[in-house]
Amino acid sequence: MSNSAFKKSKRRYIYVTAGILLVVTFSSIFFCISYIRELQSLISYDTLQMQRSSSFLEISIAGAVILVITLISFLTFFSVSQITFKNKLQTLAYIDPVTKGWNSNWFKARIPLMLKTAVCNKYVLILLDIDKFKVLNDAFGHAKGDSLLAYIYECIEKQQTENEILCRLESDCFLFLMHFDSNHEIQERLEKLSIQINNFTEAREQKYFISMSCGISQIDNADEDLFIYIDRCEVALNCCAKTIGRTRFLRSAFFNECDRTKLIEEKKIENKMAKALESGQFSVYLQPKFDIDSNRVAGAEALVRWQDPERGMIMPNDFISLFEKNGFILKLDLFVFEKVCKIIRSWIDAGAAPVPISVNLSRTYLDSLLFLDNLEKIRKQYNVPSEYIELELTESIVYENMGLLLTIINKIHSLGYTCSIDDFGSGYSSLNLLRNVPVDTLKLDRGFFLESEESPERGNAVITSVIDLARKLNMKTVSEGVESVVQVNFLKNAQCDLVQGYVFSKPVPIPEFEKEVFGLVLSEKRILPDIDPYKTEGEFLMHDATDFEQNLPLS
């Protein structure tokens, strides 16, 4: 049932109630008058007595009629007030203030009833997300953005047939139910929808095109929890990035068995994660950062590893994104930070000169500044100087909430930590990032070097310019993911400060790192090899400390 049909049904209910009350009122008056006339005909002897009786009866009945009318009027007013109040509550509970359509509360309450009553029909649940809606909002203003969302809701609603429902789930995401005949038929309906949505700017001088991504899940069990299907739609939506739509305004993906397997694996990981942290299955590895000019290890990045008793080593790519989604990353990051503080404290106590260690912070922390207080408590507990710790933020965080990000960076600096932007170049990097974000270090993503291999001259020119610009802004530069000697030679000529990658060392356990750094560096035995640009790429790839030492000339 559409929103307009719902409003019409409310009006019909009020009209019918008022009509019934009016019929009851006039019927009461009619019967009272008939009763008066009947009594008058029965009184035949005494005219005076008849007049008195008639007057008395008329007054009594008139009073009764007034009382009945008053009571009915009160009941009518009370009923209408209750209906109005109920409608207001229903509007607050079920109506989306932006689109004036249904919200997720109504959808989640309505859909189980629909699925159970429509036994013969097959359905798919579709999660539609407007791509880069934040850019449109910033460019044209929130009023235009809300107007666009209302228009998109209207387009979806017009295309729906009987027993199909829709809601705005949140922000620029819409959730709707469609009849299912085939994947091809669903794809065609979505393509028509994308064309209709893009008619929004047909008559405008300043045109812009709206692209959307759709995650689709077939509903195969009406008794299944709706949230399971919404999760499947989200998984399919994430797969849209790997697909190319038949139109440039639409990308869509159906949830499949591979995605189901992935969800099962994620569930297994979720069931294990808390116990794994308590039982010490997580450990911290360190990957050295090499100073090209001084030929020494000048820092390290702390990376987490999970040694599962059943599955063996689980790499971060298999669990970090899941932990960010379910919030467990907060506990894991605190664990890594505390481990780093313990390491630095042990170096200080042993009389060694610590090298700074960088710790990655999840984007989940952007919701609050309280996490910095938690980090400070841990640091003060181990009495570690803050200058030995660098906090890394990913580049994608910059575009989520610039104001809060700047507040966080300023507080990081006020506490004495250094701050870096990780994965610079992995997303939509811009000069505004360098101009507006006052970080101490810029970490160049390995994607820079992969792209430069395709067009070396242009790629190298970009990398050199970024390094030069960062230096002029008093930022250090770290190139990560470096895997060949040719790249190291180029970065040395480009005056990059630090290099991190398998060409020097993979992430290693803490004892192995300490052996490499303090066992060799403090005795001044580690010197980087002279780099010959004509040597085969990857010749100095390192798989453990021993292999690397065999390639080093000793002083």
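Everything quoted here is computed from the prediction, not taken from an experiment.

Peer 1: Is there a simple way to explain the packing of helix 10 (residues 329-349) against helix 11 (residues 370-382) in this structure?
Peer 2: For any two helices packed against each other, the geometry is given by the interaxial angle and the distance between the axes. Where helix 10 contacts helix 11, the two axes come as close as 9 Å, and the packing angle between them is 25 degrees. The angle between the axes of helix 10 and helix 11 places the two elements in the roughly parallel class. Taken as a pair, helix 10 and helix 11 cross one another with a handedness that is right-handed. Between helix 10, through Leu-334, Phe-337, Glu-338, Cys-341, Lys-342 and Arg-345, and helix 11, the contact on the second element is made entirely by Asn-374, Leu-375, Ile-378, Arg-379 and Tyr-382. A class-by-class count of the residues in the contact of helix 10 with helix 11 yields six nonpolar, one polar and four charged.

Peer 1: How should the sheet that holds strand 2 (residues 166-170) be read in this particular structure?
Peer 2: Across a sheet, strands are paired by hydrogen bonds formed along the backbone, either parallel or antiparallel in direction. On the basis of which strands lie adjacent, the open sheet formed by five strands has the order 2-3-1-4-5 and mixed pairing. Edge positions in the sheet fall to strand 2 and strand 5 (250-254), since each of these pairs with one other strand and no more. Taken pair by pair, the neighbouring strands of this sheet meet at an average axis angle of 25 degrees, ignoring direction. By the bridge criterion, four bridges tie strand 2 to strand 3 (residues 173-179) in an arrangement that is antiparallel. Bridge pairing links Leu-166 to Phe-176 in strand 3.

Peer 1: Got a minute to help me understand helix 5 (residues 142-159) in this structure?
Peer 2: It helps to recall that an α-helix has 3.6 residues per turn; residues three or four apart then point in one direction. The end-to-end C-alpha distance of helix 5, which contains 18 residues, comes to 26 Å, matching closely the 26 Å that a straight helix rising 1.5 Å per residue would cover. Turning to helix 5, its buried residues number three or more, namely Gly-145, Leu-148, Leu-149, Tyr-151, Ile-152, Tyr-153, Cys-155, Ile-156 and Gln-159. Those residues of helix 5 that are buried are in contact with strand 1 (123-130), helix 4 (133-140), strand 2, strand 3 and helix 6 (183-197).

Peer 1: Sorry, what's going on with the packing of helix 7 (residues 226-239) against helix 8 (residues 257-278) here?
Peer 2: Where helix 7 contacts helix 8, the axes come no closer than 10 Å and their chain directions differ by 115 degrees. Put simply, helix 7 runs roughly perpendicular to helix 8. Where helix 7 crosses over helix 8, the handedness of that crossing is right-handed. Touching Arg-232, Val-235 and Cys-239 of helix 7 are Asp-259, Arg-260 and Leu-263, all from helix 8. Grouping the amino acids of the contact of helix 7 with helix 8 by side-chain chemistry returns three nonpolar, no polar and three charged.

Rules behind the numbers
Residues numbered from 1 in each chain as written. Predicted model: local features only at pLDDT ≥ 70, side-chain atom pairs only at ≥ 80, totals over all residues. Heavy atoms only, no water. Axes fitted to C-alpha atoms, helices over the stretch in contact; angles between N-to-C directions. Helix = DSSP H or I, 4+ residues; strand = E, 2+ residues; numbered from the N terminus. Parallel < 35°, antiparallel > 145°, perpendicular 65-115°, else oblique. Left-handed = near helix turned anticlockwise from the far one by under 90°. Contact = heavy atoms within 4.5 Å. Nonpolar A, V, L, I, M, F, W, Y, C, P; charged D, E, K, R; others polar. Pairing = 2+ DSSP bridges. Expected span 1.5 Å × (residues − 1). Buried < 20%, exposed > 50% of the residue type's maximum accessible area, 1.4 Å probe, protein only.

Functional significance is not addressed by these values, which are geometric in nature.
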